[in-house]
Amino acid sequence: MQVKLRVFRFDPERDQKPRYDTFIMDVDPNDRVLDLLEYIKADFDPTLALRRSCAHGVCGSDAMRVNGRNYLACKVLVKNLNADTITVEPLLGLRVIKDLIVDMGPFFENYRSVLPYLINDEPLPEDGKERLQSPEQQLRFEDTTKCILCAACTTSCPSFWADDRYVGPAAIVNAHRFIFDSRDRAAEKRLNILNEQMGVWRCRTAFNCTEACPREIHITQAIAEVKKAIITGKIE
Ligand code: SF4
Ligand code: F3S
Ligand code: FES
């Protein structure tokens, strides 16, 4: 099949304003958008800038907007877009460094702000090996362990677009992962951080984040559980 691919181009060091380059391409319906971008780099324009690493939906590095919606370029097939024209643009709300590459610095700052690691200063159990957890306890936070930090959720959130100081759904998902982990002892600290002005209360339950997540994490539900824990003071 033939598609028209429109690719956002912008080099802030050379260009006054962004432009779209257009390519008419013969493609296989089973090609992924990442394949199309690789063809362009190989055959038309090696200067096209994008991030990618695993090419299999694992590393989270190639999130971008495709026909106005956030996807991992390596996970979206041409045939599933049902469109003759495919427009590829960088994620919204983060500074464009070049073409499809955005500055992920602020995103990772928000991530770090919620202490996304296990905190427990208590001595290890007597056998000195590991802190045990039942399958039920593990299930409580299993969904939010699936995050690959691609930023598709945060950059599709209207509250983040309105004010990029909002910590964002990805950071809350990663806080949730430890708040509800029975082995962790810093839930209260994280809940206090998320109860601040730029924390969970900025979420207006828009659900864009949940729709955008390539890992199908129930993000809006996780955010609701964090809000509930703040209100009740209980980690259930
Ligand atoms: Fe990406 Fe989903 Fe993690 Fe958000 S929660 S960063 S969309 S994997
Ligand atoms: Fe934004 Fe998701 Fe809440 S899109 S408003 S964080 S439900
Ligand atoms: Fe790794 Fe797409 S390149 S998730």
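The sections below set out a description of the structure shown in this document. (Residues numbered from 1 in each chain as written. Chains lettered and ligands numbered in written order. Predicted model: local features only at pLDDT ≥ 70, side-chain atom pairs only at ≥ 80, totals over all residues. Heavy atoms only, no water.)

**Some words on the pattern of salt bridges**
Move 1: Summed over all chains, the structure comprises 18 salt bridges.
Move 2: Across the pair E38 and R52 runs a salt bridge, and its minimum N-O distance is 2.7 Å. Of the two residues, E38 is situated in helix 1 (residues 33-44) and R52 in the loop between helix 1 and strand 3 (63-66); the sequence distance between them amounts to 14 residues.
Move 3: We classify R52 as partly exposed; its relative accessible area is 40%.
Move 4: R202 is the salt-bridge partner of D163, the closest N and O atoms lying 3.6 Å from each other. Residue D163 is found in the loop between helix 5 (158-162) and helix 6 (169-179), and its partner R202 is found in the loop between helix 7 (187-194) and helix 8 (208-212); the two are separated by 39 residues along the sequence.
Move 5: Within this structure, R9, D15, R19, D21, D45, K98 and D99 form a network of salt bridges that share partners. (Salt bridge = Lys/Arg side-chain N within 4 Å of Asp/Glu carboxyl O. Helix = DSSP H or I, 4+ residues; strand = E, 2+ residues; numbered from the N terminus. Buried < 20%, exposed > 50% of the residue type's maximum accessible area, 1.4 Å probe, protein only.)

**A closer look at the pairing of strand 4 (residues 69-72)**
Move 1: Across the two faces of strand 4 the burial differs, with N70 and L72 buried and R69 and Y71 not buried at all.
Move 2: Relative to strand 4, strand 3 runs antiparallel, the two sharing four bridges. Note that in strand 4 the partner of A63 across the bridge is L72. (Pairing = 2+ DSSP bridges.)

**What about the sheet that holds strand 4?**
Move 1: In space, the five strands of this open sheet follow the order 2-1-5-3-4, with mixed pairing throughout. Each edge of the open sheet carries a strand with a single partner, namely strand 2 (19-26) and strand 4. Strand-to-strand twist in this sheet, taken as the mean axis angle between neighbours without regard to direction, amounts to 30 degrees.
Move 2: Helix-sheet contacts for helix 1 involve strand 1 (2-9), strand 2, strand 3 and strand 5 (85-89), and the interaxial angle to strand 1 is about 75 degrees. (Axes fitted to C-alpha atoms, helices over the stretch in contact; angles between N-to-C directions. Contact = heavy atoms within 4.5 Å.)

**Description of helix 3 (residues 105-113)**
Move 1: Inspection of helix 3 places F107, N110 and Y111 among the buried residues, and these make up the whole buried set. Burial along helix 3 is one-sided: seen end-on, the buried residues are contained in an arc of 105 degrees. When the buried face of helix 3 is taken as reference, the exposed residues oriented beyond 90 degrees from it are E109 and R112.
Move 2: For helix 3, the secondary structure elements touched by its buried residues are helix 6.
Move 3: Immediately beyond the C-terminal end of helix 3, within one or two residues, lies L115, with a positive phi of roughly 55 degrees. (Arc of directions from axis to C-beta.)

**Focus: the pairing of strand 5**
Residues in a regular strand project their side chains so that they alternate between the two faces of the sheet.
Move 1: Counting buried residues in strand 5 gives four out of five residues, a clear majority hidden from the surface.
Move 2: Pairing analysis gives four bridges linking strand 1 to strand 5, with the strands arranged parallel. If you follow R6 over to strand 5, its bridge partner there is T87.
Move 3: Sheet topology places strand 3 next to strand 5; two bridges connect them, and they run antiparallel. Across the sheet, the residue bridging to R65 is E89, located in strand 5.

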